[in-house]
Protein chains: 2
Amino acid sequence: MQSDNPTAAILLIGDEFLSGRTRDLNAHHLAGVLNAIGIDLREIRVVADDHRAIVDALRALDRHLGGAWDMVFSSGGIGPTHDDITADAVADAYGAPLELNPEARRVMEEHWGARGVEITASRLRMARIPRGATLIRNAVSAAPGFSIGGLHVMAGVPSVFRSMVETIVPQLATGRPVQSVSIEVLRPESEVADDLRAVAEAHPALSLGSYPFRDERGYGTNVVVRGLDAAEVGRARAALMERFGA
Amino acid sequence: MQSDNPTAAILLIGDEFLSGRTRDLNAHHLAGVLNAIGIDLREIRVVADDHRAIVDALRALDRHLGGAWDMVFSSGGIGPTHDDITADAVADAYGAPLELNPEARRVMEEHWGARGVEITASRLRMARIPRGATLIRNAVSAAPGFSIGGLHVMAGVPSVFRSMVETIVPQLATGRPVQSVSIEVLRPESEVADDLRAVAEAHPALSLGSYPFRDERGYGTNVVVRGLDAAEVGRARAALMERFGA
């Protein structure tokens, strides 16, 4: 798909994805959000709770560090326990000292104070933020995420992640939302391949994807047409419908 | 977690993950399989149906191309349509010409012949395999995957992917399976953080992960202890249970 929209990557941080324990919800959710606001998600990476792996991924992904994409959204590793090492790795990657952030500390102490929760060293770990970063507030928990360079660091807990996504979306540089239509054809993918190719070649600015399925009606194919120009997406859809005799 | 097990990455290829249309099943499935057979999954990447993106990812991931890990498992992009470009990108990355593989062609023609299915150019696209690659048969469809260098190229359709995984598992260099126990504590993560850290420091060969949850009983934490030595995993579990007073 041709696009001059801003580009992005998602970085999931956590052993639990690599062990097969946890199935991702956050990248899937954010992918839908980014498409809807005109940010081209180009890559998703999942790495372990490992300092070197996180630093290397950030350098490869964030244009601000010489990496490939305009922005990066991370999820995971900002909790209170020993395996929450994302803030340390981010501080290292961006060359910013990790400090107890006064604003983060104030928000968290206020939140806990109101609930009679003791402020421990473990809890205060979550107020350690690289110098120069902007906090990302959320409506679910007191502990904030933060933004630095092209990176937005968010929590792994899905409800907190979603709240942080809502916080940052209004601040993001966005582009033209992707227009998308889906057509279901009750024919196997190989039988619609020639028609797809012809229509794809006639519309180089669009992306045509085909996804085979099999259900009680037999073999079928879902064809998805995506692009930034709704009129062109409509024309490609009409051309496909005519070819499919639908 | 300390380990000298072979290492691996999974590469998912497909616009549908990046658009938010499709939620991954295959990486999650394979992650569980690899852990059970002693292969350390270290990274998952998702890239678009884009030649350059696929080639770059393979170079970064497969040790045979100067990349980071011993083996790579890809999923997606080997069907009959114009957006199925994985074989072309693999041929490019490994410097092997893409050829109509006689064995793949024979298997597919036999399968289709028995079903009265016409052999079209689109269908034969699925017999285009880089020279020198080994075929990966599957029990669901005729079209094979293939292995080249440290890479195993498999289908994106989950039933076909799983069948291909079953085919290759007996051929993989494996290590010691990961031993894992999970402990549920009805306390917030920040209240078990000190205990976790102490036990983690006493067992540097193990990996201790903590995963907060909230349900009708209140805040809780799942602690997961992982390692290659079952006895040590058991000792760490006992130490945690004692500290938690459980």
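Computed from a predicted structure; not experimentally measured.

The rules we used
Residues numbered from 1 in each chain as written. Chains lettered and ligands numbered in written order. Predicted model: local features only at pLDDT ≥ 70, side-chain atom pairs only at ≥ 80, totals over all residues. Heavy atoms only, no water. Pairing = 2+ DSSP bridges. Helix = DSSP H or I, 4+ residues; strand = E, 2+ residues; numbered from the N terminus. Axes fitted to C-alpha atoms, helices over the stretch in contact; angles between N-to-C directions. Contact = heavy atoms within 4.5 Å. UniProt positions renumbered as here; feature names shortened; annotations may be inferred. Buried area = accessible area lost by both parts, 1.4 Å probe. Salt bridge = Lys/Arg side-chain N within 4 Å of Asp/Glu carboxyl O. Polar contact = N/O pair within 3.5 Å; in protein donor to acceptor, adjacent residues only side chain to side chain. Nonpolar A, V, L, I, M, F, W, Y, C, P; charged D, E, K, R; others polar.

*Asks:* Just give me the short version of the sheet that holds strand β6 (residues 134-136) of chain A, but keep the residues and values in it.
*Replies:* Taken in spatial order, the twelve strands of this open sheet run β6(A)-β7(A)-β8(A)-β3(A)-β1(A)-β2(A)-β2(B)-β1(B)-β3(B)-β8(B)-β7(B)-β6(B), and their pairing is mixed. Strand pairing shows two members of the sheet lacking a second neighbour, β6 of chain A together with β6 (134-136) of chain B, which therefore form its edges. Within the sheet, the average angular offset between the axes of one strand and its neighbour, ignoring direction, is 20°. Where strand β2 (residues 40-47) of chain A meets strand β2 (residues 40-47) of chain B, five bridges bridge the pair, whose relative direction is antiparallel. Within the sheet, the bridge partner assigned to V46 of chain A lies in β2 of chain B and is I44 of chain B. Relative to the sheet, helix α2 (residues 26-36) of chain A contacts β1 (7-13), β2 and β3 (71-75) of chain A, its axis offset from that of β1 of chain A by approximately 165°.

*Asks:* Which residues make up the UniProt feature "domain: MoaB/Mog" (unreviewed entry) in chain A, and what values do they have?
*Replies:* The feature "domain: MoaB/Mog" (unreviewed entry), as given by UniProt, occupies residues 9-175 of chain A in the numbering adopted here. Counting secondary structure, residues 9-175 of chain A comes out at 38% helix and 21% strand; the distance between its end C-alpha atoms is 15 Å.

*Asks:* Talk me through the interface of chain A and chain B; I want residue IDs and the actual numbers.
*Replies:* Contacts between chain A and chain B engage 51 residues on the former and 51 residues on the latter. A combined buried area of about 4200 Å² lies between chain A and chain B, and 50% of that area is made up of carbon and sulfur atoms. Contact with chain B buries surface across chain A, with L18, R23 and H82 of chain A losing the most and accounting together for 17% of the total. Counting every contact that joins chain A to chain B gives two salt bridges. The closest approach of N and O atoms between R123 of chain A and E191 of chain B, which form a salt bridge, is 3.7 Å. At the surface where chain A touches chain B, the tally comes to 18 residue pairs in polar contact (both at pLDDT 80 or more). Contributions of two or more residues to the side of chain A that touches chain B are made by α1 (15-18), α2, β2, α6 (121-124), α8 (189-202), β10 (207-215) and β11 (218-227) of chain A. Broken down by element, the side of chain A that touches chain B gets its largest block of residues, eight residues, from α8 of chain A. Taken together, the residues that form the side of chain A that touches chain B break down as 19 nonpolar, 15 polar and 17 charged.

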